[in-house]
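Coordinate analysis (summary)
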Amino acid sequence: MVKKDKVKDEIWVLRRATARPNYAVMELLMQKSPRTTREIYGELEKKFTRKTLILTIRELSLGLNIIQPTHIRTENGYGLGYKLNPRVKEMIKSIKKFSEILEDISSSGDQTGA
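Owing to the predicted nature of the structure, the values given are computational and were not obtained by experimental measurement.

Moving on, we get to the pattern of salt bridges. The tally for this structure, following the rule as stated, stands at five salt bridges. A salt bridge links Asp 9 to Arg 15; the shortest N-O distance between them is 2.8 Å. Judged by its relative accessible area of 46%, Arg 15 falls in the partly exposed class. Close ionic contact of Glu 39 with Lys 32 constitutes a salt bridge, the shortest N to O distance being 3.0 Å. Relative accessible area serves as the criterion here: at 30%, Glu 39 is assigned to the partly exposed category. Lys 32 sits in the partly exposed class, given a relative accessible area of 39%.

In structure tokens form, the structure reads like this:
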């Protein structure tokens, strides 16, 4: 079986970061951060499989540095959790803004381009 070469254009990292499970984890951490992996699994287990979430957390933390590991105080001492990279918070806000603009353009039927 031959593996296809993935073509990387100017926004390939953005596409990778905003894949559905990745964006769901980032959105969850925008609401409340930091969170333990158990909290992330608990919130998203109905939408994604555990394996998908494990791979997503690994990609977001090790591959893209979008989420960062941190210590969280628990009843039993300290546990491992994740928080969003501060620079990513601004990116998520911008993505939401651009998405709203694109929705407005597509729903208004504006064909002028100006």
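What follows concerns the side chain of Thr 56. Here Thr 56 shows up in helix 4 (residues 50-63). Assessed through its relative accessible area of 3%, Thr 56 is described here as buried. Apart from the residues lying within four places of it in its own chain, the contact partners of Thr 56 are Pro 21, Asn 22 and Val 25.

A word on a nonpolar patch on the surface. Taken together, the side chains of Phe 98, Ile 101, Leu 102 and Ile 105 present a nonpolar region at the surface, about 400 Å² in accessible area. Within the secondary structure layout, Phe 98 lies in helix 5 (residues 86-108).

Further remarks concern helix 5. For helix 5, with 23 residues, the first-to-last C-alpha span of 34 Å sits near the 33 Å given by 1.5 Å per residue. At the C-terminal side of helix 5, Gly 109 shows a positive phi close to 75 degrees.

In this structure the tally under the stated criterion is zero aromatic pairs. Here Lys 8 stacks its cationic end above the ring of Trp 12, 4.4 Å away from the centre of that ring. The lysine or arginine in question, Arg 73, covers the ring of Tyr 78, its NZ or CZ lying 5.2 Å from the ring centre.

With respect to the secondary-structure elements, Ser 61 resides in helix 4. Ser 61 sits in the buried class, given a relative accessible area of 14%. Within the local environment of Ser 61, its side chain forms a polar contact with the backbone oxygen of Ile 57, the two atoms lying 2.8 Å apart. A polar contact of 3.4 Å, which involves the side chain of Ser 61, links it to the backbone oxygen of Arg 58. Ignoring any residue separated from it by four or fewer positions in sequence, one finds Ser 61 in contact with Ile 67 and Tyr 82.

A few words on the pairing of strand 2 (residues 67-74). Here strand 2 runs beside strand 3 (residues 77-84); their pairing, made up of eight bridges, is antiparallel. Bridge pairing in strand 3 links Ile 72 to Gly 79. The hairpin formed by strand 2 and strand 3 contains two residues between the paired strands.

With that settled, the discussion passes to the packing of helix 2 (residues 20-31) against helix 4. The description of two helices packed together rests on the angle between their axes and the distance between the axes. Look at helix 2 against helix 4: their axes get within 9 Å of each other, and the N-to-C directions meet at 75 degrees. The orientation of helix 2 relative to helix 4 falls into the category roughly perpendicular. Where helix 2 abuts helix 4, its residues Pro 21, Asn 22, Val 25 and Met 26 lie against Thr 52, Leu 53, Thr 56, Glu 59 and Leu 60. Residues belonging to the contact of helix 2 with helix 4 are distributed by class as follows: five nonpolar, three polar and one charged.

About the thresholds
- Residues numbered from 1 in each chain as written.
- Predicted model: local features only at pLDDT ≥ 70, side-chain atom pairs only at ≥ 80, totals over all residues.
- Heavy atoms only, no water.
- Salt bridge = Lys/Arg side-chain N within 4 Å of Asp/Glu carboxyl O.
- Buried < 20%, exposed > 50% of the residue type's maximum accessible area, 1.4 Å probe, protein only.
- Helix = DSSP H or I, 4+ residues; strand = E, 2+ residues; numbered from the N terminus.
- Contact = heavy atoms within 4.5 Å.
- Patch = residues over 30% accessible without salt bridge, like charges linked within 9 Å, V, L, I, M, F, W, Y side chains within 5 Å.
- Areas by Shrake-Rupley, 256 points an atom, 1.4 Å probe, with all protein chains shown as cover.
- Expected span 1.5 Å × (residues − 1).
- Phe/Tyr/Trp six-rings, centres within 6.5 Å; stacked < 30°, edge-to-face > 60°.
- Lys NZ or Arg CZ within 6 Å of the ring centre and 35° of its normal.
- Polar contact = N/O pair within 3.5 Å; in protein donor to acceptor, adjacent residues only side chain to side chain.
- Pairing = 2+ DSSP bridges.
- Axes fitted to C-alpha atoms, helices over the stretch in contact; angles between N-to-C directions.
- Parallel < 35°, antiparallel > 145°, perpendicular 65-115°, else oblique.
- Nonpolar A, V, L, I, M, F, W, Y, C, P; charged D, E, K, R; others polar.

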